[in-house]
Amino acid sequence: MDTTAYQRALLREHTELEKQLASLGALDHTVVGDWVSAAETPLVAEADENLVADQTEELITRTGELDVLETRFRDVARALDKITTGTFGTCELCQAAIEADRLAVNPAARTCKLHLNDEVDLAL
Ligand SMILES: [Zn+2]
């Protein structure tokens, strides 16, 4: 399988996700690929309840965004690893080749179309 185009798309997305993650939070260097929201350590000097409420709301929003980005970042990184190890384009559940049109839409896909709905249950 020629993975050149997929690799290019994945690398572009990897760079883009890194930028987005960096703007939302800080990279936790102790765990590779695990990002911690900058809002998780709010610097509230005074006990201003409205401010705390605002920050909590912001934290929830940020954490949600981070989760989505983190998952995507891991999937993209995993797909790039698979290109290196030669397992790219193989369904993680049935080992069948993932359909080309599925990979075209999502080169980080981990499953074939048959197992599309099982992808969310896969371990990180
Ligand atoms: Zn499958």
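Residues numbered from 1 in each chain as written. Predicted model: local features only at pLDDT ≥ 70, side-chain atom pairs only at ≥ 80, totals over all residues. Heavy atoms only, no water.

### A closer look at the overall build of the chain
Convention followed: Secondary structure is summarised from DSSP: a helix means a run of H or I of at least four residues, a strand means a run of E of at least two, and numbering begins at the N terminus for each. Partly exposed describes any residue whose relative accessible area lies between the buried limit of under 20% and the exposed limit of over 50%, with all areas from a 1.4 Å probe on protein chains only and scaled to the type maximum. Contacts are assigned to residue pairs with any non-hydrogen atoms lying within 4.5 Å of each other.
Of the regular secondary structure elements, the chain holds three helices and two strands. Each helix and strand of the chain, ordered N terminal to C terminal, gives the series α-β-β-α-α. Classification of the 124 residues of the chain by burial places 31% in the buried group. Once local pairs closer than 6 in sequence are excluded, the contacts in the chain between residues at least 24 apart make up 49%.

### Some remarks on the coordination of the zinc ion
We count it as follows: Each metal's donors are the N, O and S atoms found within 2.8 Å of it, except that Na, K and Ca use a 3.2 Å limit; water is left out, so coordination can look incomplete. Angular criteria define each label, namely tetrahedral for four donors with all angles between 85 and 135 degrees, square planar for four and octahedral for six donors with opposite donors over 155 degrees apart and remaining angles between 65 and 115, and irregular for whatever fails these tests.
Every protein donor of the zinc ion is accounted for by Cys-91 (SG), Cys-94 (SG), Cys-112 (SG) and His-115 (ND1), and the metal-donor separations fall at 2.0 to 2.4 Å. Of note is the zinc ion, whose four donor atoms meet at the metal with angles of 103 to 114° in an arrangement that counts as tetrahedral. Counting the intervening residues between successive donors of the zinc ion yields the motif C-x2-C-x17-C-x2-H. Since its relative accessible area comes to 1%, Cys-91 is described here as buried.

### Things to note about the pattern of salt bridges
For the record, the criterion: A pair is scored as a salt bridge if a Lys or Arg side-chain nitrogen falls within 4 Å of a carboxyl oxygen belonging to Asp or Glu.
Per the counting criterion, the structure on display carries eight salt bridges. Notably, a salt bridge pairs Asp-75 with Arg-110, separated by 3.9 Å at the nearest N-O pair. On the criterion of sequence distance, the pair formed by Asp-75 in helix H2 (residues 49–85) and Arg-110 in the segment after helix H3 (100–105) is long-range, its members being 35 residues apart. Residues Asp-75 and Arg-110 agree in their burial class; the two are buried. Taken together, the shared-partner salt bridges connect Asp-75, Arg-78, Lys-82, Glu-92 and Arg-110 into one network.

### A closer look at helix H1 (residues 4–24)
Test applied: Here the expected length of a helix is defined as 1.5 Å per residue gap, with one fewer gap than residues. What the arc measures is the spread of directions leading from the helix axis to the C-beta atoms.
In this model H1 runs 30 Å from its N-terminal to its C-terminal C-alpha over 21 residues, within 8% of the 30 Å that 1.5 Å per residue would give. Regarding H1, the residues found buried are Tyr-6, Leu-10, His-14, Leu-17, Leu-21 and Leu-24. The buried residues of H1 all sit within an arc of 95° when viewed along its axis, so they share a single face. Exposed side chains of H1 directed beyond 90 degrees from the buried face belong to Ala-5, Arg-8, Arg-12, Lys-19 and Ser-23.

### Concerning the nonpolar core
Defined as follows: What we call a nonpolar core is a set of buried Ala, Val, Leu, Ile, Met, Phe, Trp, Tyr and Cys residues that are connected through their side-chain atoms within 4.5 Å.
Counting residues in each nonpolar core, the largest one holds 19 residues, and the members touching the most others are Leu-10, Val-76, Phe-88 and Leu-103. For this core, the secondary-structure elements that each account for two or more residues are H1 and H2. With seven residues, H2 is the largest single contributor of residues to this core. Setting aside residues no more than four positions away along its own chain, Phe-88 makes contact with Met-1, Thr-3, Tyr-6, Leu-10, Ala-79, Lys-82, Ile-83, Leu-103 and Pro-107.

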